[in-house]
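# Understanding the architecture of this molecule
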Amino acid sequence: MSTVTADESQIDENAAREVAERMAAAAGAWLESLDAEQAAAARRGTPGADAEADAERLRWYYTPTDHGGLPLKDMRPAQQSLAMQLVASGLSTAGYNTVATVMGLENILDHVEGWSVDWGRERGRDPGLYWLRVFGEPGGNAPWGWRFGGHHVSLNNLVVDGAVRSTTPCFIGSDPAAAPLLGPNPLRPLGGAEDLARELVRSLRPELAARAVLLDRAPSDIIGGNRTRIGDGDEMLHLPDIWRGHFTEQRLIDRVTAMDERAEGGSGYGPADHAALALTTVPKGVAAAELDTGQRELLRTLLQTYLGRVPDGLTAVPGEAALEAVHFAWAGGTAPEDPHYYRLQGPRLLVEYDNTQRQVNHAHSVWRDPEADFGFDALAAHRTAHH
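Residues numbered from 1 in each chain as written. Predicted model: local features only at pLDDT ≥ 70, side-chain atom pairs only at ≥ 80, totals over all residues. Heavy atoms only, no water.

## A closer look at the environment of Gln-359
How we decide: Numbered from the N terminus, helices here are DSSP runs of H or I no shorter than four residues, and strands are runs of E no shorter than two. Partly exposed residues are those whose accessible area sits between 20% and 50% of the maximum for their type, while under 20% is buried and over 50% is exposed, using a 1.4 Å probe and protein chains only.
Within the element layout of this structure, Gln-359 appears in helix H12 (residues 357–360). Residue Gln-359 is classed as exposed on the basis of its relative accessible area of 74%. Linking Gln-359 and Asp-118, residues 241 residues apart in sequence, is a C-alpha distance of 21 Å.

## Let's talk about the pairing of strand S6 (residues 163–166)
To keep things clear, this is the line we draw: Two strands make a pair as long as DSSP finds a minimum of two bridges between them.
Where strand S5 (residues 153–160) and S6 come together, three bridges link them in antiparallel fashion. Each bridged residue has a counterpart across the sheet, and for Val-159 the counterpart in S6 is Val-164. Counting the residues between successive antiparallel strands, the hairpin from S5 to S6 contains two residues, one of them, Asp-161, with a positive phi of roughly 50°.

## Digging into helix H6 (residues 191–203)
Operational definition: Any helix carries an expected span of 1.5 Å times its number of residues minus one. Residue contacts are counted whenever heavy atoms from the two residues lie within 4.5 Å of one another.
Compared with an ideal rise of 1.5 Å per residue, which puts 13 residues at 18 Å, H6 spans 18 Å between its outermost C-alpha atoms and is within 8% of the ideal. Of the positions making up H6, those classed as buried are Gly-191, Ala-193, Glu-194, Leu-196, Ala-197, Arg-198, Leu-200 and Val-201. Structurally, H6 contributes buried residues whose contacts are with strand S8 (213–215), helix H10 (293–307), strand S10 (327–332), strand S11 (340–346) and strand S12 (349–355).

## Here we look at unusual backbone geometry
With an omega dihedral of 5°, the bond running from Thr-168 to Pro-169 counts as a cis peptide bond. If you trace the backbone, Pro-169 turns up in the loop between S6 and strand S7 (170–174). With an omega dihedral of 0°, the bond running from Asp-175 to Pro-176 counts as a cis peptide bond. Inspection of the secondary structure puts Pro-176 in the loop between S7 and H6.

## What to know about the pattern of salt bridges
We count it as follows: We define a salt bridge as a side-chain nitrogen of Lys or Arg found within 4 Å of a carboxyl oxygen belonging to Asp or Glu.
Scanning the model with the defined rule gives 30 salt bridges in all. Between Asp-110 and Arg-123 there is a salt bridge, with its nearest N and O atoms 2.9 Å apart. Of this pair, Asp-110 sits in helix H5 (residues 93–112) while Arg-123 is found in the loop between H5 and strand S3 (130–135), placing the two residues 13 residues apart along the sequence. When salt bridges that share partners are traced, they join Glu-56, Arg-59, Arg-133, Arg-147 and Arg-244 into one network.

## Thoughts on the packing of H6 against H10
Heads up, the rule is: Lines are fitted to the C-alpha atoms to define the axes, a helix being fitted only along its stretch in contact, and any angle between axes, read from their N-to-C directions, falls within 0 to 180 degrees. Orientation labels follow simple angle bins: below 35 degrees gives roughly parallel, above 145 gives roughly antiparallel, 65 to 115 gives roughly perpendicular, and whatever is left gives oblique. In this scheme, a crossing is called left-handed if the near helix is turned counterclockwise away from the far one by less than a right angle; it is called right-handed if the turn is clockwise.
Look at H6 against H10: their axes get within 9 Å of each other, and the N-to-C directions meet at 155°. The angle between H6 and H10 places the two elements in the roughly antiparallel class. Between H6 and H10 lies a crossing of left-handed hand. In this structure, H6 uses Ala-193, Leu-196, Ala-197, Glu-199, Leu-200 and Ser-203 to contact H10, whose residues at the interface are Gln-295, Leu-298, Leu-299, Thr-301, Leu-302, Thr-305 and Tyr-306.

## Quick notes on the nonpolar core
Where a protein is soluble and globular, its nonpolar side chains tend to be buried together. As a reminder, the rule being used: Nine residue types can take part in a nonpolar core, namely buried Ala, Val, Leu, Ile, Met, Phe, Trp, Tyr and Cys, and a core is a set of them joined through side-chain atoms within 4.5 Å.
Membership of the largest hydrophobic core comes to 68 residues, with the highest contact counts inside it found for Trp-30, Trp-146, Phe-148, Phe-328, Tyr-342 and Leu-344. When residues of this core are assigned to their parent elements, the largest contribution, nine residues, is made by helix H1 (residues 13–33). Each residue touching Phe-328, except ones within four places of it in the same chain, is listed here: Ala-197, Leu-200, Val-201, Leu-204, Ala-212, Lys-284, Gly-285, Val-286, Tyr-342, Arg-343 and Leu-344. Counting residues in hydrophobic clusters, the runner-up holds 14 residues, among them Leu-58, Tyr-62, Ile-242 and Trp-243.

In short, geometric facts, not functional conclusions.
Below you can see the structure in the form of structure tokens.
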């Protein structure tokens, strides 16, 4: 289970089992509602036992590409409701509200882009293109899991021996990051995760800020991209590499290549800059142990905007020792209009956030457990115990 400490005793085992039961009930009801053709798209084999299914389970995306499974647009309304009940079972109320809002942003983004974006399908921005897939048999003795994803959403969950054991990678993005509403306050699904981090970096005394701010310019995307595994020295993946396969139509190849070149040109990054932002086993930035009491509380609150995506009890609330090992790093300017990136990194924790594209109005955020994404550790323990 993803957490910022190796002390698994802090995980609420009862909660992990209760949430697993709710997931199994919701998944079972959804699968039962499907016809044979739908089920063929929606189901894959058991995690850890079916190599082909596992290879598919470990693929995840946050671009507007085929995420694999049965899309909402190919379900009847009642089936869509059952699908969203499964999605909700794996999220806190705030997490579900945020994901549902991001899905609805596809309609806003379509308007922002003049209804003209072409991804080789009938509608370029489509809130019906969020895919759900179940791996294995929900509620059975064997491991099972489910994945839900589409543009700017990727939820990956694994249940082993009747308890939720992994909820990462967990990606939520927002494009636009801010959109006007009637009244004084804009719609900002990830506003808390951005504002708290900015407040923290701006609160640092000069000698800490000099170490926390890795570069005065931000990369055009998160560094880990949609890799299955995070490795020492990983540098930012480019846009053509984070889709399901490569485009075969030249016009789409040209479009995504041009988007990547514009993003890279806007960042001003070269090889040395990408190397400076590379992910490393030893965290970069400033450790929470060096922060004052108020700054540590800011960091704890910021971290909760990620750990709080899932139901209570599935992640451990970090104690002081665990929190002090978390490092905070920033790249870019610190004014709201400046492109920026930050990461939180510690034992069994990697958080990344960027808001750089579309004139600083397109945000990405991801929460990962580099040791146990997709339940690698839980599946290994299960195989040892049962084989």
